2 protein chains.
Amino acid sequence: MMNNQTYYAGIDIGGTKILTVITDAGGTILGSKKKKTRPEGGFDGVMDRVAECFNDALLDAGVEKTALTGVGVGAPSAITADGIAVHAPNLDWHDLPLQAALQERLGLAVYPENDCNVGTLGEFTFGGGKGAETLVGFFMGTGLGGGVIYKGEMVRGKCRLAGEVGHLVVQAGGRKCGCGNHGCVEAYASKTGMGRRFRKEIEDKKRSSSLKAECNGDYANVRSSILAKAYAAGDEVVQETLQEAAEYLGIAVASVINIVGPDIVVLGGGVFEALGKELVKTVRKSAAKNVFPAAIMDSVSLELATLGDDAVALGAVAYAMHETGHSASLE
Amino acid sequence: MMNNQTYYAGIDIGGTKILTVITDAGGTILGSKKKKTRPEGGFDGVMDRVAECFNDALLDAGVEKTALTGVGVGAPSAITADGIAVHAPNLDWHDLPLQAALQERLGLAVYPENDCNVGTLGEFTFGGGKGAETLVGFFMGTGLGGGVIYKGEMVRGKCRLAGEVGHLVVQAGGRKCGCGNHGCVEAYASKTGMGRRFRKEIEDKKRSSSLKAECNGDYANVRSSILAKAYAAGDEVVQETLQEAAEYLGIAVASVINIVGPDIVVLGGGVFEALGKELVKTVRKSAAKNVFPAAIMDSVSLELATLGDDAVALGAVAYAMHETGHSASLE
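Since the model is a prediction, treat every value here as computed from it, not as a measurement.

A. Structural view of the relation of the copies chain A and chain B. Mapping chain A onto chain B calls for a rotation angle of 180 degrees and an axial translation of 0.0 Å; the resulting RMSD is 0.0 Å. The superposition operator between the copies reduces to a two-fold rotation axis.

B. Structural context of the environment of A:Y231. Residues and elements named next belong to chain A. Along the chain, Y231 falls in helix α6 (residues 224-232). Looking at Y231, the relative accessible area reads 13%, which means it is buried. Sequence separation between Y231 and T241 is 10 residues, and the spatial gap between their C-alpha atoms is 10.0 Å. Beyond its immediate sequence surroundings of up to four residues, Y231 is in contact with V238, Q239, L242, Q243, L275 and E278.

C. Main features of the pattern of salt bridges. Tallied over the full model, the rule gives 36 salt bridges over all chains. Taking the shortest distance from any N to any O, the salt bridge between A:E244 and A:R175 comes out at 3.1 Å. Taken together, the residues A:E244 in helix α7 (residues 236-260) and A:R175 in the loop between β10 (153-154) and α4 (191-204) connect sequence positions 69 residues apart. On the basis of relative accessibility, which here comes to 17%, the residue A:E244 falls in the buried class. Here B:E236 and B:R207 are joined by a salt bridge, their closest N and O atoms 3.8 Å apart. Note that B:E236 is positioned in helix α7 (residues 236-260) and B:R207 in the loop between α4 (191-204) and α5 (211-215), a separation of 29 residues in sequence. Taking relative accessible area as the criterion, B:R207 reaches 23% and is therefore assigned partly exposed. Within the structure, one salt-bridge network assembled from shared partners comprises A:R175, A:R197, A:E201, A:K205, A:R207, A:E236, A:E240 and A:E244.

D. Summary view of the packing of aromatic side chains. Residue and element names in this part refer to chain B. Taken as a whole and judged by the stated rule, the model has 5 aromatic pairs over all chains. Here the aromatic rings of F43 and W93 are separated by 5.0 Å at their centres, their planes lie at 85 degrees, and the arrangement is edge-to-face. Here the residue F43 occupies a position in helix α1 (residues 42-61), and W93 occupies one in strand β6 (residues 93-96), the gap between them amounting to 50 residues. W93 sits in the buried class, given a relative accessible area of 1%.

E. Quick look at the packing of helix α3 (residues 115-126) of chain A against helix α9 (residues 311-323) of chain A. All names here are of chain A. One way to put it is that α3 packs onto α9 with a least axis distance of 7 Å and a crossing angle of 80 degrees. The pairing of α3 with α9 is recorded here as roughly perpendicular in orientation. Seen from α3, the contacting residues are D115, V118, G119, L121, G122, E123, T125 and F126; seen from α9, they are A311, V312, L314, G315, A316, V317, A318, Y319 and M321. Its residues assigned to classes, the contact of α3 with α9 comprises 11 nonpolar, 4 polar and 2 charged.

F. Quick look at the nonpolar core. Judged by nonpolar contacts, the single largest core of 123 residues is most densely connected at A:F138 and B:F138. Those residues within four positions of B:F138 in sequence are excluded, and the remaining contacts are B:L144, B:G145, B:G146, B:V165, B:L249, B:A252, B:V253, B:V256, B:V265, B:V266, B:L267 and B:G268.

G. Fine view of the sheet that holds strand β1 (residues 7-13) of chain A. Residues and elements named next belong to chain A. Judged by pairing direction, the sheet is mixed, and its 5 strands sit side by side in the order β3-β2-β1-β4-β7 without closing on themselves. Lying at the two open borders of the sheet, with one neighbouring strand each, are β3 (29-36) and β7 (110-114). Strand-to-strand twist across the sheet, computed as the mean angle between neighbouring axes with direction ignored, equals 15 degrees. Where β1 meets strand β2 (residues 17-24), 7 bridges bridge the pair, whose relative direction is antiparallel. Residue pairing for β2: D12 is matched across the bridge by L19. Sheet contacts for α3: β4 (68-75) and β7; angle to β7, the most-contacted strand, approximately 100 degrees. Taken strand by strand, α9 contacts β1, β2, β3, β4 and β7, and its axis lies near 130 degrees from that of β1.

H. Just α7(A), in detail. Residues and elements named next belong to chain A. With 25 residues, α7 extends 36 Å between its outermost C-alpha atoms, agreeing within 8% with the 36 Å of an ideal straight helix rising 1.5 Å per residue. In terms of burial, α7 is largely enclosed, as 21 of its 25 residues are buried. Capping the start of α7 is the job of one residue whose side-chain oxygen sits 3.2 Å from the backbone nitrogen of V237: D235. Downstream of α7 by a residue or two, G261 has a phi angle that is positive, lying close to 60 degrees.

I. Main features of the packing of α6(A) against α7(A). All names here are of chain A. The N-to-C vectors of α6 and α7 enclose an angle of 115 degrees; their axes lie 8 Å apart at closest approach. Taken together, the axes of α6 and α7 are roughly perpendicular relative to one another. Where α6 crosses over α7, the two elements pack in a sense that is left-handed. Here L227, A230 and Y231 of α6 lie close against α7, whose contacting residues are V238, Q239, L242 and Q243.

J. Main features of the sheet that holds strand β12 (residues 301-304) of chain A. Residues and elements named next belong to chain A. What the 5 strands build is an open sheet, ordered β10-β9-β8-β11-β12; its pairing is mixed. Because the sheet does not close on itself, it has two edges, and the strands there are β10 and β12. With 2 bridges joining them, strand β9 (residues 144-150) and β10 adopt antiparallel strand pairing. Bridged to Y150 within β10 is E153. Each of β8 (135-140), β9 and β11 (264-268) touches α7; the most contacted strand, β8, lies at about 160 degrees to it.

K. Up close: the pairing of β8(A). Residue and element names in this part refer to chain A. Judged by how many residues are buried, β8 sits mostly within the fold: 6 of 6 residues are covered. Pairing of β8 with β9, which is carried by 6 bridges, proceeds in the antiparallel orientation. Bridge assignment links F138 to a residue of β9, and that residue is G146. With antiparallel pairing between neighbouring strands as the criterion, β8 and β9 make up a hairpin whose turn holds 3 residues. Sheet topology places β8 next to β11; 5 bridges connect them, and they run parallel. Bridge pairing in β11 links F139 to G268.

L. Representation of the side chain of A:S209. Tracing the backbone shows A:S209 in the loop between α4 and α5 (211-215). In this structure the side chain of A:S209 is engaged in a polar contact, spanning 3.1 Å, whose partner is the backbone nitrogen of A:L211.

M. Representation of the interface of chain A and chain B. Counting from both sides, the interface comprises 41 residues of chain A and, opposite them, 41 residues of chain B. Looking at the side of chain A facing chain B, the largest losses of area belong to A:Y150, A:I259 and A:F292, adding up to 19% of the total buried there. At the boundary of chain A and chain B, one finds 4 salt bridges. A:K151 is the partner of B:E153 in a salt bridge, and the nearest nitrogen-oxygen pair spans 2.5 Å. Counting every contact that joins chain A to chain B gives 17 residue pairs in polar contact (both at pLDDT 80 or more). Listing elements by their share of the side of chain A that touches chain B, those giving two or more residues are β9, β10, α7 and α8 (270-290) of chain A. The greatest single-element share of the side of chain A that touches chain B, amounting to 8 residues, is contributed by α7(A). Partitioned by chemical class, the residues of the side of chain A that touches chain B number 23 nonpolar, 10 polar and 8 charged.

Each value, and the rule that gives it
- Residues numbered from 1 in each chain as written.
- Chains lettered and ligands numbered in written order.
- Predicted model: local features only at pLDDT ≥ 70, side-chain atom pairs only at ≥ 80, totals over all residues.
- Heavy atoms only, no water.
- Least-squares fit on C-alpha atoms with pLDDT ≥ 70 in both.
- Helix = DSSP H or I, 4+ residues; strand = E, 2+ residues; numbered from the N terminus.
- Buried < 20%, exposed > 50% of the residue type's maximum accessible area, 1.4 Å probe, protein only.
- Contact = heavy atoms within 4.5 Å.
- Salt bridge = Lys/Arg side-chain N within 4 Å of Asp/Glu carboxyl O.
- Phe/Tyr/Trp six-rings, centres within 6.5 Å; stacked < 30°, edge-to-face > 60°.
- Axes fitted to C-alpha atoms, helices over the stretch in contact; angles between N-to-C directions.
- Parallel < 35°, antiparallel > 145°, perpendicular 65-115°, else oblique.
- Nonpolar A, V, L, I, M, F, W, Y, C, P; charged D, E, K, R; others polar.
- Core = buried A, V, L, I, M, F, W, Y, C linked by side-chain atoms within 4.5 Å.
- Pairing = 2+ DSSP bridges.
- Expected span 1.5 Å × (residues − 1).
- Polar contact = N/O pair within 3.5 Å; in protein donor to acceptor, adjacent residues only side chain to side chain.
- Left-handed = near helix turned anticlockwise from the far one by under 90°.
- Buried area = accessible area lost by both parts, 1.4 Å probe.

Structure follows, in structure tokens:
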């Protein structure tokens, strides 16, 4: 049963938008607010906008700040145990006191954590991974993020830097990745990675594709809805590239299955929201081919993420519940 | 302090030999016995030989069977929660009741588990990984085995099949592996994998190497001591192949670091016993190049295994301690 006297806030700080949700103890969203991040305003400017977004979400939910049990935050950075955001390339943050800055502005205890870890926790607690004991999440958008929940607990390592499943090397010496290395799964299974192949096929090999007109040369930032339309229309370059992405993703999925033996693997992010049904079979087939022993695949279910754009904010709620000693009391 | 009133037995059932050790509560070996496995005698024949080996080890240690708190067993097979050995290719076992057969013969509770998992637990408890919280072990011999200990607990997944770090795919579509797949790290970083390259370099490309005379065409089964001699003598084929193996192993090490963030990675097995000093730097360099984020490497130490041929038997002791509700009371 829901406990109406306990509330949580979850804040997703992204490169372009901030989203705050206010929930009850079961994770039901009672109110929310979205705001542009405007990272050009600097760290303090963003922190001020987070505080405004948080206050507006409380108003939207009709919940008093004093009724909150915890505030969780997901941010696109590694976060130390002291609440320092080590490096957020999208926000141009380096070693900034995220936890302290927000606690000062909100007047409450704040629990910040990496957005991919928190998004994975969101799907584990409230989404496509509900009921799992051990779960791995992959989120395919501009990059390939993800995280690992082992027996109910977020895996971060003592260093708090573990869980970067997008940078597993699946093709030694292969395609260049945004991280500087070669052959990471992200170099194939992300919009940035697929963008390299789109450019090669369309610009270098002069193959015909609707993307040429649609994306104005910016092949790494094609919207997922445009990919889905081209895919459905039989655009061969788009179909091949997405299927290749799904195959490579399946190899990384197999690696994580080999290592931690999850019961559920959740696939999410913009690309899977738009094209999940077209891709999930290929991911499963590739994972099945690459796991060892083969029988391990019988114990793993591949699920599409269900929380969409709310995954990180709801995951931040789940994280706040965990850090304040509560677990999600699901109905 | 040692507790002299508590004893354990650890049994390592390998493809060629059975080793039983009897230890005190601190893992000090008080007596042991080695016997040939003779798998051609079938499952019952091997079980009888295990029982003889066990009884001889008790005599060697001067310990009564009734003084044993637990008996752990490592076997080259996946083992179900019901104690069934699912598949041991080296012994030609399929779905055999390992636990029941041994309990009947020994008259004691027996705890069987996969030998690589148990070997990793051995190094974690008594060897090169002592003091770790989260540890990954890689053992490079004929194949590439290993396992993962996460916060003190063996990682097996609900299916009990997880932890197969040797079959992480690091080169999609690459060299054929003994498992049937392509590009597993074992296809490069094991004697079997290196054997393929030795053959290619020496037989196909006619490059000069002392292995040609030493191994009589059986390039996949060169003894580690012969590899070490050739390496030290400047044999280029051997040096290149071993360094390549270490580089590929480093990629798999990076993958496991990315996923679970261990504090220690232990490198063992025959090849590392013979050539650890020559290889560990390359493994570390390759791992550092392939982890993400790079800073994670600062929190990981690479250690050579220290238990040698006793790793599985001592790991079986540690497993018995764990399963009987004791932990190793190290001095």
